[in-house]
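# Coordinates in review
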Amino acid sequence: MSPVQIGIIGIVGLIVVLFSGMPVALVMALAGFVGFSFLVSLDAALSLLGKDIFGEASKYSLTVLPMFILMGQFAFFSGTGNRSFESAYKFLGRVRGGLALATTLACAVFAAVCGSTNAGAAAMGAITIPEMRRYKYHPSLATGCVAAGGTLSILIPPSTVFIVYGILTQVSIGKLFLAGIVPGILLTLLFLATVFVICRLHPDYGPIGEKFSLREKMVSLLGVIDVVILFLLVMGGLFIGFFTPTEAGAVGAGGALVLALIKRQITWKGIVQSFWDTARLSCMIMFILVGAAIFGHFISVSRVPFVLSTWISGTGMPPAIIIGMIIVFYFIGGCFISTLALIMVTIPIFYPLIQAINFDPILFGVIIVLVSEMGVITPPVGVNVYIIKGVTQDIPLEVIFRGIVPFLIAVIIATIIVIIFPQIALFLPGLLH
Amino acid sequence: MAGIGGKVGMDSLKRISEGIAKYFHWVACVGICGIMVVTCVDVIGRAFRRPIFGAYDLVCMLAVVAFSFALAYTQVMKNHIGIDFLTSGLRDRVQGIIGAIVYLVCIGLLVVFAWRSAVLARSLWVSGEVTMTMQLPYHFFVYGVGLACLPLCLVFFIDFLNALSKARIIE
């Protein structure tokens, strides 16, 4: 059997075992270990296991992950989401659908300090949905806008998906973060437009709320000033090249903690819980990266990515079609598999192809994140939808999924716009040298 | 098969494994805190031309601690991502059988991880390899990785017993 055939059998085996419920990290490690044993030798595969688990865990580039997760956790436990929502509501409450608009805007603000879509949806869902229900908002609008708004956390930097993509492809995480800013603003505007249109079509979905004085509005802004400070500190430091991504994350986390302590917004319990959850969430992702490294070694030895990219390039298929097919693959895959896991399983196979057709890796990263956003809100494995369901036990899943549809269309429109006008994503990283 | 005695034994085993996992998780939290503190102090020190000597080495080794010592508790919380939407639709007994096989394979892999980490640590110890600037001995941390795989094995073993119980192979 040729290495390519063994590689293909390994990929098929991986997909089969993946659906058994076994942790993705161990499925990838198992497929990589067995495949490597066949292609090289059992001894080499055994030593690969020991080297890869330590080698990956001790990579400096990986330490960026826990730092940005920690920054998000501190923001979560210090009530940043709550204050962002209050401020946004004071500005938009008087408009029809104002609470939903405020929720979307607050999600975007929270995304500037939090890189996890789950944390974004959980933080904002718990705060905003009870408020929207109190003001008689339609359940589908109330839940749909939070589930979708939570996804902004992985597009607006810092973003765990960008970090993982950067680690897997060696693309600059700083450039990826910068590439996410303008598409993040674009998607926020599209979400706001979606709420606006829904409320125009169904005025009873989003009743008008309270009116606030200019002074109240201005005072509320003080509550989000720390988000602005942290975002400028982290992104500014990365942009001018003063920080490595890990340093930016650590300074962001340290800064978030210090600001929360000064303003007495975080308890000792909140601090401990932040570290506790960060260790858990980072470990979950890092373990998959260890599995991906072992699987990646096997896949490279099998030469499957090389053969795949040579074959597809040889067909003369236009790059746009290839990218389109990959997007469709991620969109369908994202409906069934956790997007982070999907990215880690498939990037070692697809990325050489992206390089072969000379597609910009940063633009591809942004597209991957946008498609991931679709994955976390589409059934049957729309994680954000289940998080929102956890917050609002009495709203049926169908209602939440129905509420998601208009926002899903907004994400698709944003993806198309970014593909047609790549400068939206590439302009800012182009300034970084 | 085992009845009430077995249930009590199972509960004790579960309590012990979760207790060990929690102790390990505290160590992981110290690792995370360490990365943040060392990096922040290094960045601030650098602004005053006083960076921490060997901050890079320290952060890398703390990351090893943070990752490996969190492995077990992450599984206690069922946070290691698995795709179970196909198997969750099956009958309980079938789910239990598949689960038992899966967890057995997981235990096997973890034992190999622990064994190979110990082998690697031994060779690093013998060759006396240390980190570039701080001269921290690598083998110490590699042994740590191997050690941290063991509580995860124990947690998987509890999951294995639960799966057998679901499959009605044991009570």
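The rules we used
Residue indices follow the written sequence of each chain, beginning from 1 at its first position. Working convention: letters from A go to chains and numbers from 1 go to ligands, in the order in which they are written. Where local features are concerned, this predicted model is filtered to residues with pLDDT of at least 70; where side-chain atom pairs are given and counted, the filter is 80 or more; whole-chain, interface and lining totals use all residues. Only heavy atoms go into the side-chain values, all of them from the structure, while hydrogens and water stay out. Under the DSSP-based scheme used, a helix requires at least four consecutive residues in state H or I and a strand at least two consecutive residues in state E, with every element numbered from the N terminus. Throughout, the radius of gyration refers to the C-alpha atoms, and the reference size of a globule is 2.2 Å times the residue count to the power 0.38. Three labels apply to residues, based on accessible area from a 1.4 Å probe with only protein chains included: buried if under 20% of the type maximum, exposed if over 50%, partly exposed otherwise in between. What makes two residues a contact is simply this: any of their non-hydrogen atoms within 4.5 Å. Method for areas: the Shrake-Rupley scheme with a 1.4 Å probe, in which residue coverage is limited to the protein chains shown. As a per-residue quantity, pLDDT reports the predictor's confidence and falls between 0 and 100. What goes into a patch is any residue over 30% in relative accessible area without a salt bridge, connected to like charges within 9 Å or, for nonpolar side chains (Val, Leu, Ile, Met, Phe, Trp, Tyr), within 5 Å. Any Lys or Arg side-chain nitrogen located within 4 Å of an Asp or Glu carboxyl oxygen qualifies as a salt bridge. Here the expected length of a helix is defined as 1.5 Å per residue gap, with one fewer gap than residues. The term buried area refers to how much accessible surface (probe radius 1.4 Å) is lost by two components on association, counted for both of them together. Planes of paired rings set the category: under 30 degrees apart is stacked, over 60 is edge-to-face and the rest tilted, where pairs are Phe, Tyr or Trp rings (Trp by its six-membered ring) whose centres lie within 6.5 Å. Only Lys NZ and Arg CZ are tested; either one counts as a charge over a ring when it is within 6 Å of the ring centre and within 35 degrees of the ring normal. Points on a 1 Å grid over protein atoms alone make up a cavity when a 1.4 Å probe fits among them but cannot get out, and a pocket when they form an open set with protein on both sides within 12 Å along at least five of seven lines; lining residues each have an atom within 4 Å of a point. Grid points are joined across faces, edges and corners, and a volume is the space filled by probe spheres set on the points. Throughout this entry, Asp, Glu, Lys and Arg are counted as charged residues, while Ala, Val, Leu, Ile, Met, Phe, Trp, Tyr, Cys and Pro are counted as nonpolar. The remaining residues, Gly among them, count as polar. Only buried residues count toward a nonpolar core. Its members are Ala, Val, Leu, Ile, Met, Phe, Trp, Tyr and Cys residues joined through side-chain atoms within 4.5 Å.

### Considerations on the overall build of chain A
The helix and strand inventory of chain A stands at 21 helices and zero strands. Against the globule reference of 22 Å for 433 residues, chain A gives a C-alpha radius of gyration of 22 Å, in line with a compact fold. Along the first, second and third principal axes, the C-alpha set of chain A runs to 75 × 45 × 45 Å. Buried residues in chain A amount to 62% of all 433 residues. For chain A, the share of sequence-separated contacts (at least 6 apart) that also reach a separation of at least 24 residues comes to 80%. Taken as a whole, chain A presents about 15,900 Å² of accessible surface, with 71% of it coming from carbon and sulfur.

### Some points on unusual backbone geometry
Going from Pro157(A) to Pro158(A), the amide bond is cis rather than trans, its omega being 0°. Assignment of secondary structure puts Pro158(A) in the loop between helix H8 (139-150) and helix H9 (160-169). In this structure, Gln170(A) is a non-glycine residue whose phi angle is positive, near 65°. Here Gln170(A) lies in the loop between H9 and helix H10 (173-201). Here Lys78(B), not a glycine, exhibits a phi torsion of approximately 55°, which is positive. With respect to the helices and strands, the residue Lys78(B) is situated in the loop between helix H3 (71-76) and helix H4 (92-127).

### Points about the confidence of the model for chain A
Do not read the fine detail of predicted coordinates wherever pLDDT is low. Counting all residues, the mean pLDDT for chain A is 91, and 100% of those residues have values of 70 or more. The least confident element of chain A, judged by mean pLDDT, is helix H19 (residues 383-391) of chain A at 83; the most confident is H10(A) at 96.

### Some words on a nonpolar patch on the surface
Residues and elements named next belong to chain A. On the surface, a nonpolar cluster with roughly 500 Å² of combined accessible area is contributed by Phe239, Ile240, Phe242, Phe427 and Leu431. Assignment of secondary structure puts isoleucine 240 in the loop between helix H12 (225-239) and helix H13 (245-262). Note on isoleucine 240: relative accessible area 68%, which makes it exposed.

### Concerning helix H5 (residues 80-92) of chain A
Residues and elements named next belong to chain A. With 13 residues, H5 should cover 18 Å at 1.5 Å per step; its first-to-last C-alpha distance of 18 Å lies within 8% of that length. Restricting attention to buried positions, one finds in H5 the residues Thr80, Gly81, Arg83, Ser84, Phe85, Ser87, Ala88, Tyr89 and Leu92. Next to the buried residues of H5 lie helix H4 (64-77), helix H6 (98-111), helix H7 (117-134), helix H11 (214-222) and H12.

### Quick look at the interface of chain A and chain B
How big an interface is tends to be stated in terms of the accessible area lost upon association of its parts. On the side of chain B, 56 residues touch chain A, which itself brings 53 residues to the contact. For the pair chain A and chain B, the summed buried surface comes to about 4,800 Å²; carbon and sulfur atoms form 85% of the total. When the buried area of chain A at its contact with chain B is split by residue, Phe54(A), Trp276(A) and Arg280(A) rank highest and sum to 16% of it. Across the chain A-chain B interface, the total number found is one salt bridge.

### Observations regarding the environment of Leu30(A)
Of note, Leu30(A) is situated in helix H2 (residues 24-39). Excluding anything up to four places from it in sequence, Leu30(A) contacts Met22(A), Val105(B) and Leu109(B).

### Points about the packing of aromatic side chains
Taken as a whole, this structure holds 26 aromatic pairs over all chains when the rule is applied. Between Phe191(A) and Phe407(A), the ring centres sit 5.7 Å apart and the planes meet at 70°, which makes this aromatic pair edge-to-face. Here Phe191(A), found in helix H10, pairs with Phe407(A), found in helix H20 (residues 397-420); they are 216 residues apart in sequence, far enough to count as distant. In terms of burial, Phe191(A) and Phe407(A) fall into one category: buried. Among the aromatic residues, those joined into a cluster by ring pairs are Phe85(A), Tyr89(A), Tyr135(A) and Phe212(A). Looking at Arg46(B), its charged tip hangs above the ring of Phe242(A), at a distance of 5.1 Å from the centre. Between the NZ or CZ atom of Arg116(B) and the centre of the ring of Trp115(B), over which it lies, the distance is 4.9 Å.

### Considering the pattern of salt bridges
Tallied over the entire structure, the rule returns eight salt bridges over all chains. Among the salt bridges present, the one from Asp277(A) reaches Arg280(A), with a minimum N-O distance of 3.1 Å. Pair noted here: Asp277(A) and Arg280(A) are both in helix H14 (residues 268-302), with a separation of three residues, about one helical turn. We note that Asp277(A), like Arg280(A), is buried. A salt bridge links Lys78(B) to Asp159(B); the nearest nitrogen and oxygen atoms lie 2.9 Å apart.

### Brief notes about the side chain of Thr160(A)
Relative to the helices and strands, Thr160(A) is located in helix H9. For Thr160(A), a relative accessible area of 8% corresponds to the buried category.

### Some words on empty space enclosed by the protein
Residues and elements named next belong to chain A. Overall, the coordinates contain two cavities of 30 Å³ or more when judged by the stated rule. Here the largest cavity is characterised by a volume of approximately 70 Å³. If you trace the largest cavity, you find 13 residues lining it, with Ser78, Thr80, Asp226, Leu230 and Ala256 closest to the centre. For the lining of the largest cavity, the secondary-structure elements that each account for two or more residues are H4, H5, H12 and H13. What the second largest cavity holds in volume is close to 40 Å³. As for the second largest cavity, its lining consists of Tyr330, Gly334, Thr339, Leu342, Ile343, Ile368, Val371 and Ser372. Mapped onto the lining of the second largest cavity, the elements with two or more residues apiece are helix H16 (319-336), helix H17 (339-356) and helix H18 (361-375). Taken together, the residues that form the lining of the second largest cavity break down as five nonpolar, three polar and no charged.

### Some thoughts on the nonpolar core
Burial of nonpolar side chains together is a common tendency in soluble globular proteins. Formed by 229 residues in total, the largest nonpolar core has its most connected members in Phe74(A), Tyr330(A) and Phe364(A). At 17 residues, the largest contribution of residues to this core is made by H14(A). Excluding residues within four positions of it along the chain, Phe74(A) makes contact with Ala253(A), Ala256(A), Leu257(A), Ile266(A), Ile271(A), Ser274(A), Phe275(A) and Met36(B).

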